[in-house]
Amino acid sequence: MAVTMDNLGAFPVAGEEARNQKKFYKLSDENSIYMISGNRTPALLSVWCSNDVMQFGTIRILTGGAGPQQTEFDSHDGDAVFYVLDGPLTFFMKDRKETYDVQPGDFMFIPKGETYKILNFYGRAAKAVFVVAPSF
């Protein structure tokens, strides 16, 4: 079966089905849903798990071009947590007009409905693991 964005919400299997049938899956970049987030300033998402209670994967923000690379503004219907693997990354909270520099090994919590963007001011690609619960 080909993995596409049509699988969002039930990947690698629907949550209720996995819980009822006690299904286990090894999750990795190799068997994830790849997608580009953003039109003007794209970032690469690799979604490892997407079901009725959470969305889980990685986000990569590259370097190059004029100015910092960044995501477009985003908000979610659930709380989000980011764990920075390679970075640092800067999180800009739009309504609060606040920035947070998050180093590798640190977490960033973003409450439901908060509008934010992620910026990479540094000369190397950055990567973070994310969890959004219950939904994007």
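Residues numbered from 1 in each chain as written. Predicted model: local features only at pLDDT ≥ 70, side-chain atom pairs only at ≥ 80, totals over all residues. Heavy atoms only, no water.

## Examining the side chain of Lys127
Then, in step 1: By the secondary structure assignment, Lys127 is in strand E10 (residues 126-133).
Then, in step 2: Residue Lys127 is classed as buried on the basis of its relative accessible area of 18%.
Then, in step 3: Excluding residues that lie within four positions of it along the chain, Lys127 makes contacts with Asp29, Thr58, Ile59, Arg60, Tyr83, Val84, Leu85 and Asp86. (Helix = DSSP H or I, 4+ residues; strand = E, 2+ residues; numbered from the N terminus. Buried < 20%, exposed > 50% of the residue type's maximum accessible area, 1.4 Å probe, protein only. Contact = heavy atoms within 4.5 Å.)

## Some words on a nonpolar patch on the surface
Then, in step 1: A surface patch of nonpolar side chains, about 310 Å² in accessible area, is lined by Val81, Phe107 and Phe109.
Then, in step 2: For Phe107, a relative accessible area of 57% translates into the label exposed. (Patch = residues over 30% accessible without salt bridge, like charges linked within 9 Å, V, L, I, M, F, W, Y side chains within 5 Å. Areas by Shrake-Rupley, 256 points an atom, 1.4 Å probe, with all protein chains shown as cover. Salt bridge = Lys/Arg side-chain N within 4 Å of Asp/Glu carboxyl O.)

## Re the packing of aromatic side chains
The geometry of two aromatic rings is summed up by the distance between their centres and the angle between their planes.
Then, in step 1: On inspection of all chains with the given rule, the structure shows six aromatic pairs.
Then, in step 2: Judged by centre distance (5.3 Å) and plane angle (55°), the ring pair of Phe82 and Phe91 falls under tilted. Accessibility assignment for this pair places Phe82 and Phe91 in one class, buried.
Then, in step 3: Clustering of aromatic rings is evident, with ring pairs tying together Phe82, Phe91, Tyr116 and Phe130.
Then, in step 4: The ring centre of Phe73 lies 4.9 Å from the NZ or CZ of Lys94, which sits over that ring.
Then, in step 5: For the cation-ring pair, Lys117 lies above Phe73, with the distance from its terminal atom to the ring centre recorded as 4.5 Å. (Phe/Tyr/Trp six-rings, centres within 6.5 Å; stacked < 30°, edge-to-face > 60°. Lys NZ or Arg CZ within 6 Å of the ring centre and 35° of its normal.)

## Considerations on the nonpolar core
In globular proteins that are soluble, nonpolar side chains generally tend to be buried together.
Then, in step 1: With 23 residues, the main nonpolar core has Ile59, Phe82, Leu89, Phe91, Ile110 and Ile118 as its most contacted residues.
Then, in step 2: Of all the secondary-structure elements, those providing two or more residues to this core are strand E1 (33-37), strand E2 (43-50), strand E3 (55-61), strand E5 (79-86), strand E6 (89-93), strand E8 (107-110), strand E9 (116-120) and E10.
Then, in step 3: The element that contributes the greatest number of residues to this core is E10, accounting for four residues.
Then, in step 4: Not counting residues within four places of it along the chain, the set of residues in contact with Ile118 comprises Ile59, Ile61, Gln69, Gln70, Thr71, Phe82, Leu89, Thr90 and Phe91. (Core = buried A, V, L, I, M, F, W, Y, C linked by side-chain atoms within 4.5 Å.)

## Description of the pairing of E6
Then, in step 1: Counting buried positions over the five residues of E6 gives four, a clear majority of the element.
Then, in step 2: As defined by bridge partners, E6 adjoins strand E7 (residues 98-102) across five bridges and the pair is classed as antiparallel. If you follow Met93 over to E7, its bridge partner there is Glu98.
Then, in step 3: Between E6 and E7, which pair antiparallel and follow one another directly, the connecting turn spans four residues, one of which, Lys97, has a positive phi of 55°.
Then, in step 4: Two strands pair when backbone bridges link them, and E6 and E9 are joined in this way by four bridges, in the antiparallel orientation. Within E9, the residue paired with Thr90 across the bridge is Leu119. (Pairing = 2+ DSSP bridges.)

## Topic: the sheet that holds E3
Then, in step 1: Within the open sheet, the six strands sit side by side as E1-E2-E3-E10-E5-E8. Their pairing is antiparallel. In the strand order of this sheet, the two ends are held by E1 and E8, each with one partner. The sheet shows a mean angle of 25° between the axes of neighbouring strands, direction not considered.
Then, in step 2: Both E2 and E3 contribute to a ladder of six bridges, which runs antiparallel. Following the sheet pairing, Cys49 is matched in E3 by Phe56. (Axes fitted to C-alpha atoms, helices over the stretch in contact; angles between N-to-C directions.)

## So, the pattern of salt bridges
Then, in step 1: Tallying each qualifying case throughout the model produces five salt bridges.
Then, in step 2: When the shortest N-O distance is used, the salt bridge between Lys23 and Glu17 registers 2.8 Å.
Then, in step 3: For Glu17, a relative accessible area of 32% gives the class partly exposed.
Then, in step 4: In this structure, the salt-bridge partner of Lys127 is Asp29, at a minimum N-O distance of 3.6 Å. Highlighted residues: Lys127 in strand E10 and Asp29 in the loop between helix H1 (15-21) and E1, separated in sequence by 98 residues. For the pair formed by Lys127 and Asp29, the shared burial category is buried.
Then, in step 5: Put simply, Asp29, Arg60 and Lys127 are held in one network by salt bridges that share partners.

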